[in-house]
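Below are the chains, spelled out letter by letter.
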Amino acid sequence: MIGVEWTKQWKRPRTLVTLGVLVGFTVVLTIALAATGPSHTERVGDIPLLIVPARSGFSVPVIALASTMKFFLPLAVAVLAGECVAGEASSGALRYALARSVSRSRYLLAKLVVALALAGTAVVIVSLSSVAVGALAFGWHPLTAIDGSASSVVHVVATRFGPGAALARLGVGTAYVAAGMTSVFAFAFLLSTLTTRPFVAVAGGVGLTIVSRVLNADYLPGVAVLNPYMPNNDVDLWQHFFQNPVQTDGMVHFLVLQIVYVAVFLSAAWWSFLRRDILT
Amino acid sequence: MGLEPPPVFVRGLTKRLRGGVRAVESLDLTVGHGQIVGLAGPNGAGKSITLKVLLGLVRPSGGRVEIFGEPVRPGAPVLARVGALVDGPGFAPYLSGLDNLRLAWRALGLDEHDGDFEYALGIAGLGPAVHRRYRTYSHGMRYRLGLAQALIGRPDLLILDEPTTGLDPAHVLTIRQAIDDASARGCAVLLSSHQLGEVERLCTHTAVMRRGSLVVAGSVPEVIGQASVVVLDVAVPEAGRAVLAQVPGVRAVTSPEGRFGDHRLLAVEGDALRPVELLVALAEAGVEVRSFRRGRSLEEAYLTLVGGDLAVEGERTDR
């Protein structure tokens, strides 16, 4: 069943367009960075990290990951998760998938596994394609990152990462971002089991990201008490993997929070789907 | 070898939808081996919900629902013996008809290289269009593909919801032929249809539903012949109705006016009716009779049974 679902999803134009747009973004980003000139310094994230793109191809994945994680990646993940069940319901294929001797749990598990793999691919593809495009544009050179949070007139921390170290840290950072997308994924997946309109599920997943961002203490100090429980606020902590030493504060809390959200959303998805009447 | 339980056995089926709407109420229905049963009834009578309960898509609120003696629940193993086409076909619009059929085949763990796959492709009868995307198909092509999917694995029970609605005569013939073929090899068929002429022509048995409940069930001749009826084609129906109502033994004069077929038809029900007496009465009153026949069609029987209440049935709630 997973094989059938895998084939179906890979042939779905929306899947290919979603992944294609992410790859296209890294290409456009690289062209834009190349146009800024050899000495341009880029500020990345909230730390901030200061890097000179033209000095190393590894600057591209760092900038790409930072610029997609707040909207493009949640949108892509919401599309891939939100489409999977609701898309079948809207075409009428869901009733034929379920009017067979296949348990609903097994069906939903196949949907989950494939959608999760595709969502993971979406995150990884941003890093991989930008490493490739970045190396082509700026070379396979060590990456130097300046810790903006430590910089002052007398104190600047600059760390140089060789290609191997940069790749390793990028890999861990990508995994962290992927883990940070799981709450959005699970919420869109839940909505996908509840509606026959894929758009509703996708919008819900993106909406969760927006609400999480809006209810941020930086913008609304009055809701600071909610900040530690928002599902997306700390996804940008991955940039700390390019500090030396790595500041891991908040990462474990964020990952545990993802696990809790995922458990709640997926449990709700299972509970409702197993009891749902398929009327359309 | 003992007798296998009937393909469909339903007793006391009740389904309440959200808000307390009673979609099906204490329904008893049996489909025997080799039978083609036509489920008839007005829109909202509960036919589609009943079929979905049989497929494990909708959970019953009460009652006993069995297929080949096994209780139906979502994903029940016995559903492997059932092929279905309900609420129209449903395929991935971005895949070709062939890919859709292949994936449906693989999802059931079947080998597409066996003869049945070719048989299903033959039912679809799409020719070179089988390689085109499903979204480019006409209504009829989609239905044929849907029927091909329903016939995957040569099921022992076919459940079809309005299988010929909106199809042109050529497609209707294809689908009728496929149903006949399935029946000929021992497959039981339960289909719902608004086209009562088709039920009469295709089905061995019929069950008429109204407001979620069963009105009557039996073989088609039994249902048609439950009352003694003479059907007359008269030139002036209003005058004819008045005359016929005065004839001794006549219980009711009904007209399928504006619903099915001819506006001038009058169906006369009564005990031991003698057509000659009716014809004489009409002739004496100067009402021209163009034709008459004993008995009635299923359409006419249906009209009598559901009391002419053919509008979409309103919601029935417990509140």
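Rules used throughout
- Residues numbered from 1 in each chain as written.
- Chains lettered and ligands numbered in written order.
- Predicted model: local features only at pLDDT ≥ 70, side-chain atom pairs only at ≥ 80, totals over all residues.
- Pairing = 2+ DSSP bridges.
- Helix = DSSP H or I, 4+ residues; strand = E, 2+ residues; numbered from the N terminus.
- Axes fitted to C-alpha atoms, helices over the stretch in contact; angles between N-to-C directions.
- Contact = placed C-beta atoms within 7 Å.
- Core = buried A, V, L, I, M, F, W, Y, C linked by C-beta atoms within 7 Å.
- Buried ≥ 20, exposed ≤ 12 C-beta atoms within 10 Å, placed from the backbone.
- Expected span 1.5 Å × (residues − 1).
- Parallel < 35°, antiparallel > 145°, perpendicular 65-115°, else oblique.
- Left-handed = near helix turned anticlockwise from the far one by under 90°.
- Nonpolar A, V, L, I, M, F, W, Y, C, P; charged D, E, K, R; others polar.
- Domains from an automatic or database assignment.
- pLDDT = per-residue confidence, 0-100.
- Right-handed = clockwise from strand over helix to strand, strands pointing away.

## What about the sheet that holds strand β6 (residues 82-85) of chain B?
In a beta sheet, neighbouring strands are held together by backbone hydrogen bonds and run either parallel or antiparallel to one another.
All names here are of chain B.
Here is step 1 of the chain: Read across the sheet, six strands follow the order β6-β7-β8-β3-β9-β10 without closing on themselves; strand pairing throughout is mixed. Because the sheet does not close on itself, it has two edges, and the strands there are β6 and β10 (213-219). For this sheet the average axis-to-axis angle between neighbouring strands, irrespective of direction, equals 15°.
Here is step 2 of the chain: Two elements, strand β9 (residues 205-210) and β10, share six bridges in a ladder whose sense is antiparallel. Bridging from a neighbouring strand, Met209 pairs with Leu214 of β10.
Here is step 3 of the chain: Helix-sheet contacts for helix α1 (residues 47-54) involve β3 (36-40), β7 (157-161), β8 (188-192) and β9, and the interaxial angle to β7 is about 150°.
Here is step 4 of the chain: Set on the sheet, helix α5 (residues 169-184) makes contact with β3, β7 and β8; between it and β8 the angle comes to about 150°.

## A closer look at the interface of chain B and chain A
Bring the parts together and some accessible area is lost; that lost area is often taken as the interface size.
Here is step 1 of the chain: Taken together, the contacts link 28 residues of chain B with 23 residues of chain A.
Here is step 2 of the chain: Considering every element that reaches the side of chain B that touches chain A, the biggest residue donor is helix α2 (residues 97-107) of chain B, with three residues.

## Some remarks on the nonpolar core
Here is step 1 of the chain: Val77, Ala81, Ala188 and Phe189 of chain A together with Leu55, Ile159 and Val189 of chain B are the most contacted members of the largest nonpolar core, which totals 157 residues.
Here is step 2 of the chain: Per element, the largest residue contribution to this core is 13 residues, and it comes from helix α6 (residues 104-138) of chain A.
Here is step 3 of the chain: Setting aside residues no more than four positions away along its own chain, Ala81 of chain A makes contact with Ala115, Ala119, Phe185, Ala188, Phe189, Ser192 and Gly205 of chain A.
Here is step 4 of the chain: Judged by nonpolar contacts, the second largest core, of 14 residues, contains Leu232, Leu265, Leu266 and Leu282 of chain B.

## Observations concerning unusual backbone geometry
Residues and elements named next belong to chain B.
Here is step 1 of the chain: The residue Ser26 is not glycine, and still its phi comes out positive at about 45°.
Here is step 2 of the chain: On the basis of neighbour count, Ser26 is assigned to the partly exposed category, with 14 C-beta atoms found within 10 Å.
Here is step 3 of the chain: Of note, the phi angle at Phe68 is positive, near 50°, even though the residue is not glycine.
Here is step 4 of the chain: Mapped onto the fold, Phe68 is located in the loop between β4 (62-67) and β5 (70-71).
Here is step 5 of the chain: We classify Phe68 as partly exposed; it has 17 C-beta atoms within 10 Å.

## Some points on helix α10 (residues 251-275) of chain A
Residues and elements named next belong to chain A.
Here is step 1 of the chain: Between its first and last C-alpha atoms α10 spans 36 Å; for 25 residues at 1.5 Å apiece the expected length is 36 Å, and the two agree.
Here is step 2 of the chain: Along α10, the residues classified as buried are Phe254, Leu257, Gln258, Tyr261, Phe265, Ala269 and Phe273.
Here is step 3 of the chain: The inward-facing, buried residues of α10 contact α6, α7 (163-180) and α8 (182-194).

## Topic: the packing of helix α2 (residues 13-35) of chain A against α6 of chain A
Helix-helix packing is described using two parameters, namely the angle between the two axes and the distance between the axes.
All names here are of chain A.
Here is step 1 of the chain: Viewed as axis vectors pointing N to C, α2 and α6 meet at an angle of 30°, and their least axial separation amounts to 9 Å. Considering their axes alone, α2 and α6 lie roughly parallel with respect to each other. Seen from above, α2 lies across α6 with right-handed handedness. Here Thr15, Thr18, Leu19, Leu22, Val23, Thr26, Val27, Thr30 and Ala34 of α2 lie close against α6, whose contacting residues are Leu118, Thr121, Ala122, Ile125, Val126, Ser129, Ser130, Val133, Gly134 and Ala137.
Here is step 2 of the chain: A per-class count over the contact of α2 with α6 returns 11 nonpolar, eight polar and no charged.

## A short note on the packing of α2 of chain B against helix α4 (residues 139-150) of chain B
Residue and element names in this part refer to chain B.
Here is step 1 of the chain: Interhelical geometry of α2 versus α4 gives an angle of 20° and a closest axis separation of 10 Å. Between α2 and α4, the interaxial angle falls into the category roughly parallel. Crossing of α2 against α4: the hand is right-handed. Contact residues: Gly97, Asn100, Leu101 and Ala104 in α2; Leu145, Ala148 and Gln149 in α4.
Here is step 2 of the chain: Class assignment for the residues of the contact of α2 with α4 results in four nonpolar, three polar and no charged.

## So, the environment of Ala110 of chain A
Residue and element names in this part refer to chain A.
Here is step 1 of the chain: Along the chain, the position of Ala110 falls in helix α6.
Here is step 2 of the chain: Residue class for Ala110 comes out buried when judged on the 21 C-beta atoms lying within 10 Å of it.
Here is step 3 of the chain: Residues Ala110 and Val223 lie 113 residues apart in sequence; the distance between their C-alpha atoms is 39 Å.
Here is step 4 of the chain: In this structure Ala110 touches Met1, Ile2 and Glu5, once residues within four positions along its chain are discounted.

## Some points on the sheet that holds strand β3 (residues 143-147) of chain A
Residue and element names in this part refer to chain A.
Here is step 1 of the chain: In spatial order, the strands read β1-β2-β3-β4; together these four strands make up an open sheet with antiparallel pairing. Here the strands that pair on one side only, and so sit at the sheet edges, are β1 (42-44) and β4 (157-161). Across the sheet, the axes of successive neighbouring strands diverge by a mean angle of 30°, strand direction being ignored.
Here is step 2 of the chain: Sheet analysis places β1 next to strand β2 (residues 49-51), joined by three bridges and oriented antiparallel. When the bridges of β2 are listed, Glu42 appears paired with Ile51.

## Quick word on the domain arrangement of chain B
Here is step 1 of the chain: Domain assignment breaks chain B into domain 1 (8-223) and domain 2 (228-295).
Here is step 2 of the chain: Look at where the C-alpha atoms of domain 1 of chain B and domain 2 of chain B centre, and you get two points 38 Å apart.

## Concerning the confidence of the model for chain A
Here is step 1 of the chain: With 96% of its residues at a pLDDT of 70 or more, chain A shows a mean pLDDT of 89.
Here is step 2 of the chain: Mean pLDDT across the elements of chain A bottoms out in β2 of chain A (80) and peaks in α8 of chain A (96).

## Here we look at the environment of Lys11 of chain A
Here is step 1 of the chain: As for its placement among the helices and strands, Lys11 of chain A is situated in helix α1 (residues 2-11).
Here is step 2 of the chain: A tally of 15 C-beta atoms within 10 Å means that Lys11 of chain A is categorised as partly exposed.
Here is step 3 of the chain: Look past the residues within four positions of Lys11 of chain A in its chain and what remains in contact with it is Tyr94 and Leu95 of chain B.

## Side note on the confidence of the model for chain B
Interpreting fine coordinate detail is not advised for predicted regions of low pLDDT.
All names here are of chain B.
Here is step 1 of the chain: Residues with a pLDDT of 70 or more make up 85% of chain B, whose mean pLDDT is 82.
Here is step 2 of the chain: Here helix α10 (residues 298-305) stands out as the element of chain B with the lowest mean pLDDT, 66, in contrast to β5, whose mean of 95 is the highest.
Here is step 3 of the chain: A low-confidence stretch, residues 310-315 (pLDDT under 50), is modelled with 12 contacts involving residues beyond four sequence positions or located in other chains.
Here is step 4 of the chain: Here the predicted complex carries an ipTM of 0.83, next to a pTM of 0.83.

## Quick notes on the pairing of β8 of chain B
Each regular strand carries side chains that alternate between the two faces of the sheet.
Residues and elements named next belong to chain B.
Here is step 1 of the chain: Along β8, five of the five residues are buried, which leaves the element largely enclosed by surrounding structure.
Here is step 2 of the chain: Where β3 lies against β8, four bridges are found, and the strand directions are parallel. By the bridge assignment, Gly38 is partnered in β8 with Leu191.
Here is step 3 of the chain: By the bridge criterion, five bridges tie β7 to β8 in an arrangement that is parallel. Note on β8: the bridge partner recorded for Leu157 is Ala188.
Here is step 4 of the chain: As for the winding sense of the linkage, the β-α-β connection from β7 through α5 to β8 is right-handed.

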